[in-house]
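For reference, the chains in residue letters:
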Amino acid sequence: MPNPMHVPGRRPPDRGFVNVVTLVLIVVIGSVAYLGYAYLPHWMRNRDVISAMREAGYQAWREGSNDALQRMILSRTDRIVRVAEDGEDWPAIEGSDVSVERDRSFVYIDVSYEVPMRYPWTSKVRTLRFDNHVKTDLEVPTK
């Protein structure tokens, strides 16, 4: 009995043959993995910086001084974001990178900084810029 799925004059596809689509897919996945390996540590540190900003924002109802909030953010981010160059290690976020402003009901915290991203297995360096903004309500959180 003939196979009903068989079309006369058409040969079945070769199984196991690597075609152009497979090669392009492998290159795309490899490129994403390479760039993710280079960028992911910086992104994770930036998430910790945002966490420090939020923590300072939550403390703003208790702490009336913007300078004290700025010092609170800097003391926490000094341990998180560090730049190593020429054998020396220093904090990447400085006092001029942190801005704290208030109005009657909100505190606005902005932190903008740049860090070098080194591509693995090459000597190429790219500068990453992070601009973070947090707006927190000044209402007492225990109400």
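Residues numbered from 1 in each chain as written. Predicted model: local features only at pLDDT ≥ 70, side-chain atom pairs only at ≥ 80, totals over all residues. Heavy atoms only, no water.

Draft legend 1. Inspection of the overall build of the protein chain at higher detail. What the protein chain contains, in helices and strands, is two helices and five strands. The helix and strand sequence of the protein chain, counted from the amino end, reads α-α-β-β-β-β-β. Counting the 143 residues in the protein chain, one finds 27% classified as buried. Across the protein chain, contacts joining residues at least 24 apart in sequence account for 55% of those joining residues at least 6 apart. (Helix = DSSP H or I, 4+ residues; strand = E, 2+ residues; numbered from the N terminus. Buried < 20%, exposed > 50% of the residue type's maximum accessible area, 1.4 Å probe, protein only. Contact = heavy atoms within 4.5 Å.)

Draft legend 2. Just the sheet that holds strand S3 (residues 98-102), in detail. As summarised here, the arrangement of the three strands in space is S3-S4-S5, forming an open sheet in which the pairing is antiparallel. Pairing within the sheet leaves two strands with one partner each, and these edge strands are S3 and strand S5 (125-137). On average, each strand axis in the sheet is inclined to that of its neighbour by 15°, with strand direction left out of account. With five bridges connecting them, S3 and strand S4 (residues 106-118) associate as antiparallel partners. If you follow Ser 99 over to S4, its bridge partner there is Asp 110. Against the sheet, helix H2 (residues 66-80) contacts S3 and S4, and its axis sits at roughly 145° relative to S3. (Pairing = 2+ DSSP bridges. Axes fitted to C-alpha atoms, helices over the stretch in contact; angles between N-to-C directions.)

Draft legend 3. Structural detail: the pairing of strand S2 (residues 88-91). The sheet contact formed by strand S1 (residues 82-85) and S2 spans four bridges and is antiparallel. Note that in S2 the partner of Ala 84 across the bridge is Asp 89. In sequence, S1 turns back onto S2 through a hairpin of two residues, with Asp 86 there showing a positive phi of about 55°.

Draft legend 4. Structural context of the pattern of salt bridges. Taken as a whole and assessed by the stated rule, the structure comprises four salt bridges. When the shortest N-O distance is used, the salt bridge between Arg 82 and Asp 89 registers 3.0 Å. Residue classification places Arg 82 among the partly exposed residues on the basis of a relative accessible area of 37%. A relative accessible area of 46% places Asp 89 in the partly exposed class. Members of the salt-bridge network, linked through shared partners, are Glu 114, Arg 129 and Asp 131. (Salt bridge = Lys/Arg side-chain N within 4 Å of Asp/Glu carboxyl O.)

Draft legend 5. Structural context of the nonpolar core. In terms of nonpolar packing, the biggest core is built from 26 residues, with Val 49, Val 81, Ile 93, Ile 109, Val 111, Tyr 113 and Val 115 touching the most fellow members. Those elements that provide at least two residues to this core are helix H1 (20-59), H2, S3, S4 and S5. When residues in this core are grouped by element, the largest group, six residues, is from S4. (Core = buried A, V, L, I, M, F, W, Y, C linked by side-chain atoms within 4.5 Å.)

Draft legend 6. Structural context of the confidence of the model for the protein chain. Scored by pLDDT, the protein chain comes out at a mean of 87, with 85% of its residues at no less than 70. S1 is the least confidently modelled element of the protein chain, averaging 82 in pLDDT, while S3 averages 95, the highest of any element. (pLDDT = per-residue confidence, 0-100.)

Draft legend 7. Molecular detail of the layout of surface pockets. Within this model, the largest pocket holds a volume of roughly 250 Å³. Listing elements by their share of the lining of the largest pocket, those giving two or more residues are H1, S1 and S4. Per-class residue counts for the lining of the largest pocket are eleven nonpolar, one polar and three charged. (1 Å grid on protein atoms, 1.4 Å probe; cavity = no way out; pocket = protein on both sides within 12 Å on 5 of 7 lines; lining within 4 Å. Points joined across faces, edges and corners; volume = space filled by probe spheres on them. Nonpolar A, V, L, I, M, F, W, Y, C, P; charged D, E, K, R; others polar.)

Draft legend 8. Broad picture of unusual backbone geometry. At Trp 121, a residue that is not glycine, the phi angle is positive and equals roughly 65°. Take Trp 121: it is sitting in the loop between S4 and S5.

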